[in-house]
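The residues making up each chain are set out below.
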Amino acid sequence: MGRRQLTAVVLYLGVSAIGIQASPFTFVVLGDRTGDEVKGVFEGIIEEVCFLNPDIIVTVGDHIEGYISDSLGVESQWDSFVELMDKPGIPYWLTPGNHDIWDELSRRIFVRRFGYTDTSFIYEKTLFIILDVSTLFNASQIP
């Protein structure tokens, strides 16, 4: 692409610092699976996640190859990814990366499928904030 893409932003804020006692829990952070994907590697990682049995999963983006203009192709890529992510039966939140959202069509597909681009959620009194930086190229562009 010529320009360096800003990586995903996932903020985890433990609220025990302000006197709210959170229950202990575990979470897994899954990274980028795009570029030169090797068949079977991500599937093996999902098997390890199943073995670890965390309470939640948070991703850092680039779940699909993307960068195609065929909406059916984009949907097919998401179908394959979601099938893998649903296998463990563990709640997950996706951070969109530049391979997930690269234009308005891909943004609409992501929002329709997952309901957000930027989001936050509280798990066991702990705040997680997910910022969509999929189309940004440096930190000064974050609103």
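No experiment lies behind these values; they were computed from the predicted model shown. (Residues numbered from 1 in each chain as written. Predicted model: local features only at pLDDT ≥ 70, side-chain atom pairs only at ≥ 80, totals over all residues. Heavy atoms only, no water.)

Student: Hey, could you go over helix H3 (residues 104-114) for me, with residue numbers and the actual values?
Tutor: Listed as buried for H3 are Ser106, Ile109, Phe110 and Phe114. The buried residues of H3 occupy an angular sector of 100° when the element is viewed end-on, so they sit on one face. For H3, the elements touching its buried residues are helix H2 (71-86). The opening residue of H3, the one whose side-chain oxygen lies 3.3 Å from the backbone nitrogen of leucine 105, is aspartate 103. Where H3 ends, the next residue or the one after it, glycine 115, has phi of about 85°, a positive value. (Buried < 20%, exposed > 50% of the residue type's maximum accessible area, 1.4 Å probe, protein only. Helix = DSSP H or I, 4+ residues; strand = E, 2+ residues; numbered from the N terminus. Arc of directions from axis to C-beta. Contact = heavy atoms within 4.5 Å. Polar contact = N/O pair within 3.5 Å; in protein donor to acceptor, adjacent residues only side chain to side chain.)

Student: An account of the sheet that holds strand E2 (residues 27-30) is requested, with residue identities and associated values reported.
Tutor: If you walk across this open sheet you meet the 3 strands as E2-E3-E4, and the pairing is parallel. Of all strands in the sheet, those with a lone pairing partner are E2 and strand E4 (92-93), marking the two edges. Both strand E3 (residues 56-59) and E4 contribute to a ladder of 2 bridges, which runs parallel. Bridging from a neighbouring strand, isoleucine 57 pairs with tyrosine 92 of E4. Lying over the sheet, helix H1 (residues 41-52) contacts E2 and E3, oriented at roughly 170° with respect to E2. (Pairing = 2+ DSSP bridges. Axes fitted to C-alpha atoms, helices over the stretch in contact; angles between N-to-C directions.)

Student: Describe the nonpolar core, naming the residues involved and giving the relevant values.
Tutor: Grouped burial of nonpolar side chains is what soluble globular proteins tend to show. Counting residues in each nonpolar core, the largest one holds 22 residues, and the members touching the most others are Leu30, Ile57, Trp78, Phe81, Met85 and Leu94. Breaking this core down by element, the ones donating at least two residues are E2, H1, H2 and H3. A per-element tally of this core places H2 first, with 6 residues. Contact partners of tryptophan 78, with chain neighbours within four places excluded, come to His63, Ile64, Leu94, Asp100, Ile109, Phe110, Arg113 and Phe114. Counting residues in hydrophobic clusters, the runner-up holds 6 residues, among them Phe25, Ile56, Val58 and Ile130. (Core = buried A, V, L, I, M, F, W, Y, C linked by side-chain atoms within 4.5 Å.)

Student: Give a description of the packing of aromatic side chains that names residues and reports values.
Tutor: Taken as a whole and judged by the stated rule, the model has 13 aromatic pairs. Both rings, one in phenylalanine 42 and one in phenylalanine 81, keep their centres 5.9 Å apart while their planes meet at 35°; by these two values the pair is tilted. Of this pair, phenylalanine 42 sits in helix H1 while phenylalanine 81 sits in helix H2, and the two are 39 residues apart along the sequence. Of the two residues, phenylalanine 42 and phenylalanine 81, neither departs from the other in class, the shared state being buried. Grouped by ring-pair contacts, the aromatic residues Phe25, Phe27, Trp93, Phe121, Tyr123 and Phe128 constitute a single cluster. In this structure, arginine 33 packs its charged tip against the face of phenylalanine 42, placed 4.9 Å from the ring centre. (Phe/Tyr/Trp six-rings, centres within 6.5 Å; stacked < 30°, edge-to-face > 60°. Lys NZ or Arg CZ within 6 Å of the ring centre and 35° of its normal.)

Student: Can you explain the packing of H1 against H2? Please cite residues and give values.
Tutor: For the pair H1 and H2, the least separation of the axes is 9 Å and the interaxial angle reads 25°. On the basis of their axis angle, the class for H1 and H2 is roughly parallel. Listed contacts from H2 to Phe42, Glu43 and Ile46 of H1 are Phe81, Leu84 and Met85. Grouping the constituent residues of the contact of H1 with H2 by class yields 5 nonpolar, no polar and 1 charged. (Parallel < 35°, antiparallel > 145°, perpendicular 65-115°, else oblique. Nonpolar A, V, L, I, M, F, W, Y, C, P; charged D, E, K, R; others polar.)

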